[in-house]
Amino acid sequence: MAVLDDAGAMADELTELRHALHREPEIGYDLPRTQRKVLDALAGLPLEISVGEKLTSVTAVLRGGQPGPVVLLRGDMDALPVTEATGEPFASRTDGVMHACGHDLHTTMLAGAARLLSARQPQLPGSVIFMFQPAEEGGAGARFMIEEGVLDAAGERPAAAYALHVLSGTHDRGVFATRPGPALAASDAINVTVRGRGGHASRPHSSADPIPAACEMVTALQAMVTRRFDVFDPVVVTVGSIHAGTARNVIPDEATFAATARSFSPQAKARLRDETLRLVRNIADGYGLTVEAEYVDGYPVTVNDADQAAFAKATAADMFGADRAITSAHPATGSEDFSFVLEQVPGAFVFLGACPAGTDPGTAPTNHSPLAAFDDAVLADGAALYAELAIRRLTALSSPASSSGSSPDPAHD
Ligand SMILES: [Zn+2]
Ligand SMILES: [Zn+2]
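Residues numbered from 1 in each chain as written. Chains lettered and ligands numbered in written order. Predicted model: local features only at pLDDT ≥ 70, side-chain atom pairs only at ≥ 80, totals over all residues. Heavy atoms only, no water.

Visitor: In this structure, what is going on with the packing of helix 4 (residues 103-118) against helix 10 (residues 379-398)? I would like to understand it.
Guide: In a packed pair of helices, the relevant descriptors are the angle between the two axes and the axis-to-axis distance. Two elements in contact, helix 4 and helix 10, have axes whose closest approach is 8 Å; the angle formed by their N-to-C orientations is 50°. When the axes of helix 4 and helix 10 are compared, the pair comes out oblique. Helix 10 is crossed by helix 4, and the crossing has right-handed handedness. Facing L105, H106, T108, M109, L110, G112, A113, L116 and L117 of helix 4, the residues of helix 10 in contact are L379, G382, A383, A384, Y386, A387, A390 and I391. Partitioned by chemical class, the residues of the contact of helix 4 with helix 10 number 13 nonpolar, four polar and no charged. (Axes fitted to C-alpha atoms, helices over the stretch in contact; angles between N-to-C directions. Helix = DSSP H or I, 4+ residues; strand = E, 2+ residues; numbered from the N terminus. Parallel < 35°, antiparallel > 145°, perpendicular 65-115°, else oblique. Left-handed = near helix turned anticlockwise from the far one by under 90°. Contact = heavy atoms within 4.5 Å. Nonpolar A, V, L, I, M, F, W, Y, C, P; charged D, E, K, R; others polar.)

Structure representation (structure tokens):
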């Protein structure tokens, strides 16, 4: 196929778009300048374009010249509240905002795929939804886009959905990695306030000190992880924030802490909720204190469909060679709101190593670091893979010999 050649031929334009996005990063739901650049990049292509209401999303539908099903491709668009320290000539011009997770590359690669697929519109057997999504970083932008109808944008539900994510470290540059089943963790929040009764620090017996109880909860949560959860269905609990008191000689009225809770199966997640809440309530009770504890659902587990993950890996291997398409040994402990799409559509989330040439991926600054750097050299390959995944999936589903699309999903058993 000429997709890869065509993608290579537009590498300079892709780099230019990525640098423009990178220079003007925006955070959250409202990304007007980013949206503008996406709309400009798609201008003139045979696409049905709509924009979001609650967020500055862009949904573009390409209707192929041949009848067939629908495939969805997703690229996220938002940046992070990080002050860039890469020293790149195209570094962020907005203080305190940086494309530190590489979403500028995803946006660019998806726009490139729209170009590649538009050029093949007459032969394309089916439709492609291009999902340009704000607010991946904690805002659940994918969920809002689903509520606003992105999955029905082409008139019928997609038969498959794919997303790419670049990594500034971890994998060698140009290596695509995916896996069947859980690909990323569910990420939830635990917020705890221990209430006691303040007083003079020299007379703890006449107060009710919340600090020792809060400290015990923090360590007990770690013991809970190892004593109450199967090592082969692991969980992570990290207390990242703890606050109490104002002075060394004053017992405060309350102590608060907040934790992230990560899990890789619905069962582990449900137990994590029950166990953490029970543990902190019972510890507070043991101390004669009261506690307010809440477990707040965040992103679900990102679960790849086994067939779709195998197909994505095989496609990457076919295009780039077997050494550039690997099966991830285990899920990542990060989380992704593409999980909301994969709850409704079988698909695959694929990582792409993008550390700069000459850098050791094992020690390179990771995504979200002020030093995170991503190599423009992966842009054309990423755009080509997006396009090729859509072409091959639509073609396979349209051919009479196809058996895909009706197979059960073992990842959800
Ligand atoms: Zn991120
Ligand atoms: Zn990201």
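Visitor: When you look at the nonpolar core in this model, what are you seeing that I'm missing?
Guide: The tendency in soluble globular proteins is for nonpolar side chains to be buried side by side. Within the largest apolar cluster, 60 residues are counted, with the highest numbers of intra-cluster contacts made by L42, L73, L117, F130 and F132. The element best represented in this core is helix 10, accounting for eleven residues. Leave out the neighbours within four places in its chain, and L73 touches L110, L117, V128, I129, F130, M131, Y162, Y386 and A390. The next biggest cluster of nonpolar side chains, apart from the first, holds 28 residues, and it includes I129, M131, F144 and F338. (Core = buried A, V, L, I, M, F, W, Y, C linked by side-chain atoms within 4.5 Å. Buried < 20%, exposed > 50% of the residue type's maximum accessible area, 1.4 Å probe, protein only.)

Visitor: Is there a simple way to explain the coordination of the zinc ion (ligand 1) in this structure?
Guide: Ideal values differ by geometry: the angle at a metal is 109.5 degrees with four tetrahedral donors, but 90 or 180 degrees with six octahedral donors. Taken together, the protein donors to the zinc ion (ligand 1) comprise C101 (SG), E137 (OE) and H368 (NE2), at separations of 2.0 to 2.3 Å. In the primary sequence, the donor residues of the zinc ion (ligand 1) line up as C-x35-E-x230-H. A separation of 3.1 Å is found between the zinc ion (ligand 1) and the zinc ion (ligand 2), both of which receive a donor from C101. With a gap of 36 residues between them, C101 in the loop between strand 3 (66-76) and helix 4 and E137 in the loop between strand 4 (125-133) and helix 5 (141-147) connect regions that are remote in the sequence. By relative accessible area, C101 is classed as buried at 8%. With relative accessibility at 26%, the residue E137 sits in the partly exposed group. (Donors = N, O, S within 2.8 Å, 3.2 Å for Na, K, Ca; no water.)

Visitor: So what exactly am I meant to see when it comes to the coordination of the zinc ion (ligand 2) here?
Guide: Within the protein, the zinc ion (ligand 2) binds to C101 (SG), H103 (NE2) and H165 (NE2); these donor distances fall in the range 2.1 to 2.5 Å. Along the chain, the residues donating to the zinc ion (ligand 2) are arranged with the sequence spacing C-x1-H-x61-H.

Visitor: What is the right way to read helix 10 from this model?
Guide: Helix length check: helix 10 (20 residues) gives 29 Å between terminal C-alpha atoms against 28 Å at 1.5 Å per residue, within 8%. Counting buried positions along helix 10 gives 15 out of 20 residues, so the element sits mostly inside the fold. (Expected span 1.5 Å × (residues − 1).)

Visitor: When you look at unusual backbone geometry in this model, what are you seeing that I'm missing?
Guide: Most peptide bonds are trans, and most residues other than glycine sit at a negative phi. You will see that A135, though not glycine, has its phi angle at about 55°, which is positive. Examined against the element boundaries, A135 turns out to sit in the loop between strand 4 and helix 5. Notably, T170 is not glycine yet its phi reads approximately 75°, a positive angle. Examined against the element boundaries, T170 turns out to sit in the loop between strand 5 (160-167) and strand 6 (176-178). On the accessibility criterion, T170 (57% relative accessible area) is exposed.

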